[in-house]
Amino acid sequence: MAFELPDLPYEYDALEPHIDEQTMRIHHTKHHQGYTNKLNAALKGHDFADLPIEDVLRRIGEVPEGIRQAVINNGGGYANHKLFWTVLSPNGGGAPSGDIADAINDEFGSFDDFKEEFSSAATGQFGSGWGWLSVDEGGGLKVHSTPNQNSPYMDGLTPILGVDVWEHAYYLNYQNERGTYVDNFWNIVNWDQVNEYFNDAS
Ligand SMILES: [Fe+2]
């Protein structure tokens, strides 16, 4: 069984002006497709290829050493982007509602305080990586970042919101202005989906 590139749940130009069409098209058809192909090549003929990618990453310590780094890089890249597309929406933005809104207020004090902490984790990630809101094993919320394509699942966390801060995610439109890209990211966050992920994980 091979991992497949998921379709975007919207058109390539749907997130404009916050993320431009060309960036979305290259990001999905070249970058995400590339991680998918390399993940399949790394796990070819291996039992791990039959598991959901989230389980592969949770059990990364059991993946044979010879292919482990390839699975961290490409399995992480596959899973991170798979989540990323779904937490964005042309109808997104604004403030969350439902259980995730209550949990954010409890954990961070207010939505604005949470946004500040998340944005700072994302913009402060040195080099390529991701900013995350994850659920820990006790059901609590955690803001953090990971380098490269490292997945929160490898640390026992369940990501429910992520922002890709690799330059390939924003450079065409924002050049070196990662902070402006992250500011605009808030306009397209699909909070209904994040709420659903939160309820599944906690
Ligand atoms: Fe990316």
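Each remark here, short or long, concerns the structure printed above.
No experiment lies behind these values; they were computed from the predicted model shown.

### A word on the coordination of the iron ion
Here comes step 1: Every protein donor of the iron ion is accounted for by His27 (NE2), His81 (NE2), Asp164 (OD) and His168 (NE2), and the metal-donor separations fall at 1.9 to 2.1 Å.
Here comes step 2: Viewed at the metal, the 4 donor atoms of the iron ion are separated by angles of 90 to 137 degrees, and the geometry they form is irregular.
Here comes step 3: Linear spacing of the donor residues for the iron ion on their chain is H-x53-H-x82-D-x3-H. Here His27, found in helix α1 (residues 21-43), pairs with His81, found in helix α3 (residues 65-86); they are 54 residues apart in sequence, far enough to count as distant. Each member of the pair, His27 as well as His81, carries the same accessibility label: buried.

### Remarks on the pattern of salt bridges
Side-chain pairs of opposite charge can arise whenever the charged atoms involved come near each other.
Here comes step 1: Counted by the stated rule, this structure contains 4 salt bridges.
Here comes step 2: For Glu54, the salt bridge goes to Lys82, with nearest N and O atoms at 2.9 Å. Residue Glu54 is located in helix α2 (residues 53-58), and its partner Lys82 is located in helix α3; the two are separated by 28 residues in the primary sequence.
Here comes step 3: Its salt-bridge partner being Glu62, residue Arg59 comes within 2.9 Å of it at the nearest N-O pair.

Rules used throughout
- Residues numbered from 1 in each chain as written.
- Predicted model: local features only at pLDDT ≥ 70, side-chain atom pairs only at ≥ 80, totals over all residues.
- Heavy atoms only, no water.
- Donors = N, O, S within 2.8 Å, 3.2 Å for Na, K, Ca; no water.
- Tetrahedral: all angles 85-135°; square planar, octahedral: opposite > 155°, others 65-115°.
- Helix = DSSP H or I, 4+ residues; strand = E, 2+ residues; numbered from the N terminus.
- Buried < 20%, exposed > 50% of the residue type's maximum accessible area, 1.4 Å probe, protein only.
- Salt bridge = Lys/Arg side-chain N within 4 Å of Asp/Glu carboxyl O.

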